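Letter by letter, the chains look like this.
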Amino acid sequence: MEIRTRFAPSPTGGLHLGGVRTVLYNYLFARQNGGKFILRIEDTDQTRFVPGAEAYINDCLNWCGLKPDEGPETGGHYGPYRQSARKDIYKKFAEELIAKGVAYYAFDSPEALEKMRNAFKTTENPSPQYDRQVRMKMQNSLNLGEAETQKRISAGEAYVVRIKIPDDETIRFNDMIHGEVSFESSVVDDKVLLKADGMPTYHLAVVVDDYLMKVSHAFRGEEWLSSAPVHILLWKYLFGLDKMPQWAHLPLILGPNGKLSKRDGAKYGFPVFAMNWTDPKTNDFTEGFKEKGFLPEAFINMLAMLGWNDGTTQEIFTLDELIDKFSMDRVHRAGAKFDYEKAKWFNQEWIKKLDPDDLCKRVAMSLTSKGLNLPDVNYLKKVTELVKERCTLLSDFYDQALYFFKTPETLDLESIKPKWNSEKAGFFDDYIQWLSAQTAWNSQDLETGFKNLAIQKNIKPGELQLPFRIMLVGAKFGPAVFQIAEMIGAEETIKRIKNALILLHA
RNA sequence: GCCGCGUUGGUCAAGGGGUUAAGACGCCUCCCUUUCACGGAGGAAUCACGGGUUCGAAUCCCGUACGUGGUACCA
């Protein structure tokens, strides 16, 4: 049997962390078993349709390198892959369920439902369900009779189709992560299967499409666990439990307090979505990992480890290694709190790990996007190698490398002034002279010359290094000063020293 | 309220009857470096609580507490 997994998002907004991890686990499982990974767009709620959301999801998957084998863009033999385009299919199955006596028509308006909930509400039961307790008191084919039901339907009265949950049945299934999970049917409600607009709800659509698309393993977030009994029943009624995919309900990714929300991101200053997303309706902006400066490799690596490990102490994995080593039975059961500090660490590790040429390309993109004009690649490559261990995000390269390309606009003179004196000023005057006379220009010689001159003048070389650094960099950071001098060249080095001396004189 | 799922340091977590209870992030101390980092050496856990079972329990069982998800003609 071919292994087929699917990711089935609804195109209603940004793709968040947990969503990407669900994609990842689906993808890894499919890949390692030589199977297929499918993207299916669950756009059955027309009131929540958000233009651009589907394209955005594609962009995110692309960026992450988790491309589906089948989907709305890619195509495939089991299309269409947008549920809105499969509307007619679901109706047929809804009718089949009615014919089998396990579903029924219901005419209750939203207002009538609201009234029912209010009428039956008690302290012990604050949210009454449409279930066996109340269904015989409502307007549905169960108590209206066939004739009346047909009459209403012919008259064009709006109706939904609801599943008729059995009275006393224990519904069990085996979850790949949680093991055996069971529910009493008596606490499950008669979920709507087909809405008044003719569209299916998620419950009908997942089951039908998983069957039709031959999905062998269905992985989704744990928030779906409570509706699993409805899906199990539907499988039993429609296609047989033996055809049902293996379920795995993935642990939730939590924020600082409770389920991770995009609000947490804004509140605590970390991205929550894979890529930047602006809601076209509300104009609400949410930052993405990509734009924040994350490498997709690091993002994926971090997500993989949030809820899974291979049992060793290895934490840095390439996608290929993950495909090789991932296993569902090592997925942790409990929800995991997202730790932004650790996420940044993964990024830093990946910056160090990446092939220099590859890194250089990405740094170039980041730098040019911030308006920096880059000379030749070889120069940038050297700069990148020199500063990379000081960068945790791709976006850090700008601050860390800017002085290699531009004369600093401000200098942290406060850090040198307290210990500044005319002897030191004299030293730099002479150093300029010495530098001007150099024909060879390399960090080693520059340093030797610097130290010799300092000794000559009876000043500790160390005391001069910080001022020199601030002259060249503008602040107290960066790689060895003499390497910086070597990189920016004689002319620029001398210019920067002169600049600083003027400022220190004033 | 009801139902489901979960609970090993601040966080991610290994370990699934006998261990000094791994490792990583973060934090703190120190070394390296007269910058910032990298790197290196250290420091910090009564395994949620209470009962069992057992010679022995973080590990098995039962309760309780807490957390979390669901309880829509949303997914």
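Everything discussed here concerns the structure shown above.
First, a word on scope: everything that follows refers to the structure included in this document. From a predicted model like this one, the values you see are computed outputs, not experimental measurements.

Here the focus is the sheet that holds strand 14 (residues 336-337). Taken in spatial order, the 3 strands of this open sheet run 11-10-14, and their pairing is mixed. The sheet terminates laterally at strand 11 (258-259) and strand 14, the two strands that pair on one side only. Of the strand pairs in this sheet, strand 10 (residues 253-255) and strand 14 are connected by 2 bridges, and their pairing is parallel. Bridging from a neighbouring strand, I253 pairs with A336 of strand 14.

Turning to helix 11 (residues 296-305), a few remarks are in order. Counting buried positions along helix 11 yields 9 of 10 residues, so the element is predominantly enclosed. Taken as a whole, helix 11 has its buried residues at P296, A298, F299, I300, N301, M302, L303, A304 and M305. Backbone geometry just after helix 11 places G307 at a positive phi near 120 degrees.

The next thing to look at is the protein's contact with RNA strand B. As a matter of local geometry, RNA strand B sits amid 66 residues, with E124, K259, E315, E389 and R390 nearest to it. Atoms of RNA strand B within 4 Å of the protein belong to the sugar or the phosphate in 70% of instances, the rest to bases. Contacts to RNA strand B include R469, whose side-chain N or O atom sits 2.9 Å from a base nitrogen. Contact distances for RNA strand B include 2.6 Å between a sugar or linking oxygen and a backbone N or O atom of K476. Of all the secondary-structure elements, those providing two or more residues to the surface near RNA strand B are helix 4 (110-120), strand 4 (160-163), strand 6 (179-184), strand 11, strand 14, helix 13 (340-353) and helix 19 (461-473). A per-class count over the surface near RNA strand B returns 22 nonpolar, 19 polar and 25 charged.

The rules we used
Residues numbered from 1 in each chain as written. Chains lettered and ligands numbered in written order. Predicted model: local features only at pLDDT ≥ 70, side-chain atom pairs only at ≥ 80, totals over all residues. Heavy atoms only, no water. Pairing = 2+ DSSP bridges. Helix = DSSP H or I, 4+ residues; strand = E, 2+ residues; numbered from the N terminus. Buried < 20%, exposed > 50% of the residue type's maximum accessible area, 1.4 Å probe, protein only. Near = heavy atom within 4 Å. Polar contact = N/O pair within 3.5 Å; in protein donor to acceptor, adjacent residues only side chain to side chain. Nonpolar A, V, L, I, M, F, W, Y, C, P; charged D, E, K, R; others polar.

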